[in-house]
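Residue-level listing of the chains:
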Amino acid sequence: MGYIRAEEVLPGEILASVQQYVDGQMLYIPRKTEDKRSWGSATETREKLKSRNADMYAKFCDGASVRGLADEYFLTEKSVQRIIRNMRPSEGNNSSKPLGGKDEQRK
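Here the structure is a predicted model, which means the values were calculated and not measured.

**With respect to the overall build of the chain**
Summing up its helical and strand segments, the chain has five helices and zero strands in all. The secondary structure elements of the chain, listed N-terminal to C-terminal, are α-α-α-α-α. Among the 107 residues that make up the chain, the fraction classed as buried is 19%. Of the contacts formed within the chain by residues at least 6 apart in sequence, a portion of 46% connects residues at least 24 apart. Element-wise, carbon and sulfur atoms account for 52% of the exposed surface of the chain, whose accessible area totals about 8,900 Å².

Here it is in structure tokens:
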């Protein structure tokens, strides 16, 4: 987000009106509701995280431990557990494989 000088973009009367409230201070002006973008829409981050999470879930299903995945992806075990829980199919969530905790042994 860039810094723009108000006197360069606002008419004098509007600038004077704003100065009554925030004279000499920085002011954040949010986007109009119709112009808002969702998180990650301007970059590839969202897709990269989806791909990483899918890879992580596949490795978990193939027998990788939560602790091992946490070490591999530089995440906490809680974060890995949350990702796996969110990746599991929502219907028939009867997976008997536990997510594992601190006592789980590395494979």
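**So, the packing of helix H3 (residues 45-61) against helix H4 (residues 66-73)**
Across the interface, H3 lies against H4 with an axial gap of 10 Å and an inter-helix angle of 150°. As far as their axial angle goes, H4 and H3 are roughly antiparallel. In this structure, H3 crosses over H4, and the sense of that crossing is right-handed. On H4, the residues that touch Arg 52, Asp 55, Met 56, Lys 59 and Phe 60 of H3 are Val 66, Leu 69, Glu 72 and Tyr 73. Taken together, the residues that form the contact of H3 with H4 break down as five nonpolar, no polar and four charged.

**Quick notes on the layout of surface pockets**
By volume, the largest pocket amounts to about 920 Å³. Around the largest pocket, the lining comprises 24 residues; the ones closest to its centre are Ile 4, Ala 6, Leu 27, Tyr 28 and Ile 29. Looking at the lining of the largest pocket, the elements with two or more residues in it are helix H1 (6-9) and helix H2 (12-19). Here the residues of the lining of the largest pocket sort into 14 nonpolar, four polar and six charged.

**Observations concerning the pattern of salt bridges**
In total, this model carries five salt bridges according to the counting rule given. Here the salt bridges share partners, and the residues they tie into one network are Arg 5, Glu 7 and Glu 8.

**Things to note about the environment of Ser 65**
You can see Ser 65 is positioned in the loop between H3 and H4. Residues Ser 65 and Val 80, 15 residues apart in the sequence, show an inter-C-alpha distance of 9.8 Å.

**Description of the nonpolar core**
In terms of nonpolar packing, the biggest core is built from ten residues, these being Met 56, Tyr 57, Phe 60, Val 66, Leu 69, Ala 70, Tyr 73, Val 80, Ile 83 and Ile 84. If you list the elements that add at least two residues to this core, you get H3, H4 and helix H5 (77-87). Looking at which element gives the most residues to this core, the answer is H4, with four residues. Not counting residues up to four positions away in its chain, the partners in contact with Leu 69 are Met 56, Lys 59, Phe 60, Ala 64, Val 80 and Ile 84.

**Some remarks on the environment of Met 56**
In this fold, Met 56 is placed in helix H3. C-alpha of Met 56 to C-alpha of Ile 83: the two residues are 27 residues apart in sequence and 8.3 Å apart in space. Once residues lying within four places of it in the same chain are set aside, the contact partners of Met 56 are Leu 69, Tyr 73, Leu 75, Val 80 and Ile 83.

Rules used throughout
Numbering of residues starts from 1 in every chain and runs along the sequence as written. Note on the predicted model: pLDDT of at least 70 is required for a residue's local features to be given, and 80 or more for side-chain atom pairs to be given and counted; whole-chain, interface and lining totals, by contrast, use all residues. To get the side-chain values, take all heavy atoms of the structure and skip hydrogens and water. Runs of E in the DSSP output that reach at least two residues are strands. Runs of H or I that reach at least four are helices, and both are numbered from the N terminus. Exposure is judged per residue with a 1.4 Å probe applied to protein chains only, and the accessible area is read against the type maximum: over 50% gives exposed, under 20% gives buried, and values in between give partly exposed. It only takes one pair of heavy atoms within 4.5 Å for two residues to be counted as in contact. Accessible surface is estimated by sampling points in the Shrake-Rupley manner with a 1.4 Å probe; for residues, cover comes only from the protein chains shown. Inter-axis angles, ranging from 0 to 180 degrees, are taken between N-to-C directions of lines fitted to C-alpha atoms, where helices are fitted over the stretch in contact. We call two directions roughly parallel when the angle between them is under 35 degrees, roughly antiparallel when it is over 145, roughly perpendicular when it lies between 65 and 115, and oblique otherwise. Crossing handedness follows the turn of the near helix against the far one: under a right angle anticlockwise gives a left-handed crossing, and clockwise gives a right-handed one. Note that Gly is not counted as nonpolar here; it falls among the polar residues with everything else outside the nonpolar set of Ala, Val, Leu, Ile, Met, Phe, Trp, Tyr, Cys and Pro and the charged set of Asp, Glu, Lys and Arg. Detection works on a 1 Å grid of protein atoms alone, calling trapped sets that fit a 1.4 Å probe cavities and calling open sets with protein on both sides within 12 Å along at least five of seven lines pockets, with lining residues defined by an atom within 4 Å of a point. Grid points are joined across faces, edges and corners, and a volume is the space filled by probe spheres set on the points. Salt bridges, as used here, are contacts in which a Lys or Arg side-chain nitrogen is within 4 Å of a carboxyl oxygen on Asp or Glu. The term nonpolar core refers to a set of buried residues drawn from Ala, Val, Leu, Ile, Met, Phe, Trp, Tyr and Cys, joined through side-chain atoms within 4.5 Å.

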